[in-house]
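What follows is each chain in one-letter form.
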Amino acid sequence: MKKLVALTLASLMLLAGCSSTPKNDGNEATPTPEAAATEADVIVVGAGGAGMTAAIEAVNAGKSVIVIEKAAMTGGNTTRSTGGMNAANTPEQDKNDFAEDAGVEKMLASAKENYPDLAELTATVEKQYEEYKANPTGYFDTEELFMLDTLVGGKNLNDHALVEVLANEAKNGIEWLKTIDANLSQVGSFGGASVKRIHKPVNDEGKTVAVGSYLVPKLTKAAEDKGVQFVMETAATELVVTDGKVTGVKAGDTTYTGKAVILATGGFAANTEMVLKYKPDYKGFVCTNAPGMTGDGIVMATAIGADTVDMEQIQIHPTVSQETSALSTEGLRGDGAILVNSEGKRFFDEVGTRDAVSAAEVAQPGGFAWLIVDNKMVEASSVIAGYIKQGLTVEGADVEALAAAMGVDGAALVETMDKWNACVEAGKDEEFGRAAEYLTKEIGEGPYYLVEQKPRFATTMGGLVVTTNLEVKNTSDTVIPGLYAAGETVGGVMGDDSPSGANNGWALTSGKLAAEAIAAALN
């Protein structure tokens, strides 16, 4: 008898197997009955954010669902997320004053200069922006700007149709979460977006909390309350095909039969052999993914002829603790934290894309950086407080003490802090071009906290080729009947860069839409 557990705390993983022994903070659910059903309308493989969203939505549409999960806990890679979820044109954004003109103008200039193929989309966004300036009501963000940010960030390698789906539907995901008592009410800035777009949860004290540990228990409870059957600690190994249609999954000693199958097993970051096949230069890198992210869905689907895309697009995350591999969310940098090198100097725009910040970090002496936050940031964020509690930080009562802890000259660090605060006051970063919307918070009084950071292997952007209804396609560009995919198992959405909040937005959006598509097909 296997219990269902919602994972709420990430821990150490290495690329060589991405081994993990995460702490379990509870959320045990009703054990799966020994005499559980083996047949349902929909079989979902994977109990992460995408899989559980798909399961809940399928039940909402009147379908019976079995979820198969090889881990002992629900959550998958969603549990590792500390940031939030991206969505454009939401009521939550309208609660903010718009002061991100520089970010929009910078994106428009970049798109015009570097991506002539996006001229029509760029012109649309420019027109929307001019209309907003003429009548500035609410907060400015549009689905088209979301698309432009994503395509430019992904170097226009993305599947445009899937990006459009994400941009148009993510806001509905924010509203959908409210139906399971999940409210991402706070909106902030982060790298990869022109405006404030990342939606984050807060606790009863108003402090930002990690989105993964917030969402996973709520998704788990909602799925259980709706009667979803979970089969835990059971790895799916093979798709069952009958007369050309996918009709089930083999898992353990059992065949689970359904009218449709959704593969939501995540990416393949924890599959060392698979990673090194596409990126041999990543050998020895630390991995930040959940240990179950071994590409099972991709492997099973390609075994029956499914096509893949962008498998070589594997992302490095710039701010990861050297000792524990714990991710430091981009939201910290968006909210005013800075990166300095081993000489105590800033060296890059901290809120650039992940690949750009990572490359700049690797180029520094020793190939690492320090993330610096002040006491105000700690008071506003339970995420940082959690880092302190876990012993991931070094503390300094004042700047000189902080410099001593870093092993750098105190005067040099004081100069760096003074320069940063001058940039905030002026609203302009002459040295590194950090956009004005990310120059809103001076580094104030101590105590100050440091986290040593180094780029680490984070996200696989490649995966299965799908339609906009999340139907999996084969190498002949034809839909494989009965087979769907969601979340990081799908390739082509992010291009070559996945900004903070993007995968959460895609997980919920694609999971929800896959279930809706199946319900429509079965009805």
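The structure presented is a predicted model; accordingly, all values stated were derived computationally and were not measured.

A separate point is helix H12 (residues 382-389). Here H12 has its buried residues at Val383, Ile384, Gly386 and Tyr387. One side of H12 carries all its buried residues, which in axial view fall inside an arc of 155 degrees. Of the residues trailing H12, Gly391 is marked for its positive phi of about 75 degrees.

The next subject is the environment of Asp429. Mapped onto the fold, Asp429 is located in the loop between helix H14 (410-426) and strand E17 (448-453). Sequence separation between Asp429 and Lys419 is 10 residues, and the spatial gap between their C-alpha atoms is 9.2 Å. Not counting residues within four places of it along the chain, the set of residues in contact with Asp429 comprises Arg346, Cys423, Arg434 and Leu439. From its side chain, Asp429 meets the backbone nitrogen of Arg434 in a polar contact 3.1 Å long.

Turning our eyes to something else, we now look at the pairing of strand E3 (residues 65-68). Alternating residues of E3 divide into Val65 and Val67 and Ile66 and Ile68, and every residue in both groups is buried. Note: strand E2 (residues 39-45) against E3, four bridges, orientation parallel. Of the residues in E3, the one forming a bridge with Val45 is Ile68. For the crossover from E2 across helix H1 (residues 49-60) to E3, the handedness is right-handed. Pairing analysis gives three bridges linking E3 to strand E8 (residues 229-231), with the strands arranged parallel. Residue pairing across strands places Ile68 opposite Val231, the latter belonging to E8.

Below, the discussion takes up the sheet that holds strand E5 (residues 85-86). Ordered by their spatial adjacency, three strands build an open sheet running E5-E7-E6, and the pairing between neighbours is antiparallel. In the strand order of this sheet, the two ends are held by E5 and strand E6 (186-188), each with one partner. Bridging between E5 and strand E7 (residues 198-200) involves two bridges; their strand directions are antiparallel. For Met85, the partnering residue across the bridge sits in E7 and is His199.

What follows covers the pairing of strand E11 (residues 254-263). Looking at chain direction, E2 and E11 are connected through six bridges and run parallel. Paired with Val42 across the bridge in E11 is Ala260. In this structure, strand E10 (residues 245-251) lies alongside E11, joined through four bridges in antiparallel fashion. Bridge pairing in E11 links Lys250 to Thr255. Connecting E10 to the next strand, E11, in antiparallel fashion are two residues, including Gly252 with a positive phi near 65 degrees. Of the strand pairs in this sheet, E11 and strand E21 (residues 479-485) are connected by three bridges, and their pairing is parallel. Bridging across to E21, Leu263 finds its partner in Ala485.

Parameters at a glance
Residues numbered from 1 in each chain as written. Predicted model: local features only at pLDDT ≥ 70, side-chain atom pairs only at ≥ 80, totals over all residues. Heavy atoms only, no water. Buried < 20%, exposed > 50% of the residue type's maximum accessible area, 1.4 Å probe, protein only. Helix = DSSP H or I, 4+ residues; strand = E, 2+ residues; numbered from the N terminus. Arc of directions from axis to C-beta. Contact = heavy atoms within 4.5 Å. Polar contact = N/O pair within 3.5 Å; in protein donor to acceptor, adjacent residues only side chain to side chain. Pairing = 2+ DSSP bridges. Right-handed = clockwise from strand over helix to strand, strands pointing away.

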